[in-house]
Amino acid sequence: MSETLRIAAVYAHPDDGEFFAAGTLAKWAAAGHTVYALCATRGDLGSKRRDVTRDDLAATRAAELGRALHLLGAQPPILLGFPDGFLRDHAAALRERLIYWFRRLRIDRVLTFDPWKRYEIHPDHIEAGRIASEAAVFSCFPLLHPEHLCDGVDAAQPKEVWYMMPTEHRPNRIIDISATFQKKVASVLSHSSQIEMLADWFVKGANPQALTDEQRAQLQQGTESFLDGMARGVAGMAPGIERAEAFFAQPVGPGHFQNYQELFMEAAGVPPAPPQLG
Ligand SMILES: [Zn+2]
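Residues numbered from 1 in each chain as written. Predicted model: local features only at pLDDT ≥ 70, side-chain atom pairs only at ≥ 80, totals over all residues.

Details of the overall build of the protein chain
- From N to C terminus, the protein chain includes nine helices and eight strands.
- In terms of C-alpha radius of gyration, the protein chain reaches 19 Å, essentially the compact-globule figure of 19 Å for 278 residues.
- Along the three orthogonal principal directions, the C-alpha set of the protein chain runs to about 55 × 45 × 35 Å.
- The burial tally for the protein chain puts 41% of its 278 residues in the buried class.
- Restricting the contact set of the protein chain to residue pairs at least 6 apart, pairs at least 24 apart contribute 75%. (Helix = DSSP H or I, 4+ residues; strand = E, 2+ residues; numbered from the N terminus. Rg over C-alpha atoms; globule rule 2.2 N^0.38 Å. Buried ≥ 20, exposed ≤ 12 C-beta atoms within 10 Å, placed from the backbone. Contact = placed C-beta atoms within 7 Å.)

Structural data, given as structure tokens:
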């Protein structure tokens, strides 16, 4: 491998990356890149149960994320601890934290939500994508948060932001996840508290709090089939690939002029280049 990258996946909630990017993160980790996940909120609203506290739920979800990242070969999670559902009210503090971590970890590539996605009704997803993008742009300016710049931490800028499962723009990166698909399935299933909420979707009439062994097996099978269908559907964009994940990668810094040019050409009716395969 020619270059070893330091990659930061920025999530709003502990399970956010697993559905759309886990196969790619596992592939990058296996290729020798260092993969980090920074989770903005505690995920402490993510349950329909009445018999758990928000603190207990946050602890459960932190442990689930830790297991998922371990399965993917990523580093232990970096938990930023903002309250679930309210990232918008903490935008400035979140931006400062992300700038700090991008600098401290010397991040080359950021992976996050597309903040321009229409019909995205969860405000934390929009906010995580928006603020991660801003942090990627601003982390190189030493006059911003100069208090970070000590003990070997320097101003530095990620080169690219990759947006997961874009719907506002044709993907320009298609990643073959055939070899890491089973790791993706295992990482999604690590989030038991969230999969339980999907119980009724995959096992009609099931009580998520009292699943039989048979129902649990059906739930796992349903989750795997759902992920398989999604991966095969994305792979349809790239002949010869069986299962894939799709991204829109945007250069940061001076490189973003390149994107303006590409988008202008596209608006002018010039067909875009085919997506890069990875
Ligand atoms: Zn989420």
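Considerations on the environment of W101
- Note that W101 resides in helix α3 (residues 91-104).
- What makes W101 buried here is the crowd of 20 C-beta atoms within 10 Å.
- Once you skip the residues sitting within four places of it in the chain, W101 turns out to touch A8, L38 and I78.

Re the pairing of strand β3 (residues 78-82)
- Pairing of strand β2 (residues 34-41) with β3, which is carried by three bridges, proceeds in the parallel orientation. When the bridges of β3 are listed, T41 appears paired with F82.
- Between the parallel elements β2 and β3, the chain passes through helix α2 (residues 54-72) in a crossover that is right-handed. (Pairing = 2+ DSSP bridges. Right-handed = clockwise from strand over helix to strand, strands pointing away.)

Regarding the sheet that holds strand β5 (residues 160-164)
- Strand order in this open sheet of eight strands is β3-β2-β1-β4-β5-β7-β6-β8, and the pairing throughout is mixed. Edge positions in the open sheet fall to β3 and β8 (276-277), since each of these has one partner strand only.

Focus on the packing of helix α5 (residues 181-189) against helix α8 (residues 213-235)
- Relative to each other, α5 and α8 sit at 130 degrees, their axes nearing to 10 Å. By the angle class used here, α5 and α8 are oblique. In this structure, the crossing between α5 and α8 has a hand that is right-handed. Seen from α5, the contacting residues are F181, K184, V185, V188 and L189; seen from α8, they are Q220, T223, E224, L227 and A231.
- The residue inventory of the contact of α5 with α8, partitioned by class, reads six nonpolar, two polar and two charged. (Axes fitted to C-alpha atoms, helices over the stretch in contact; angles between N-to-C directions. Parallel < 35°, antiparallel > 145°, perpendicular 65-115°, else oblique. Left-handed = near helix turned anticlockwise from the far one by under 90°. Nonpolar A, V, L, I, M, F, W, Y, C, P; charged D, E, K, R; others polar.)

Concerning the packing of α2 against α5
- Look at α2 against α5: their axes get within 8 Å of each other, and the N-to-C directions meet at 170 degrees. Judged on the interaxial angle alone, α5 and α2 are roughly antiparallel. Contacts between α2 and α5 involve A68, L71 and L72 from the first element and K183, A186 and S187 from the second.
- Along the lines of polarity and charge, the residues of the contact of α2 with α5 split into four nonpolar, one polar and one charged.

Section: helix α4 (residues 123-138)
- Under the 1.5 Å per step criterion, the end-to-end length of α4 is 22 Å for 16 residues, consistent within 8% with the ideal 22 Å.
- For α4, the complete set of buried residues consists of D124, H125, E127, A128, G129, R130, I131, A132, S133, A135 and A136.
- The secondary structure elements touched by the buried residues of α4 are β1 (6-11), β2, α3, β4 (109-112) and β5. (Expected span 1.5 Å × (residues − 1).)

Structural notes on the pairing of β2
- Of all eight residues in β2, seven are buried; the element is thus mostly enclosed.
- Bridge count between β1 and β2: six bridges; the pairing is parallel. From the neighbouring strand, R6 faces β2, where its bridge partner is T34.

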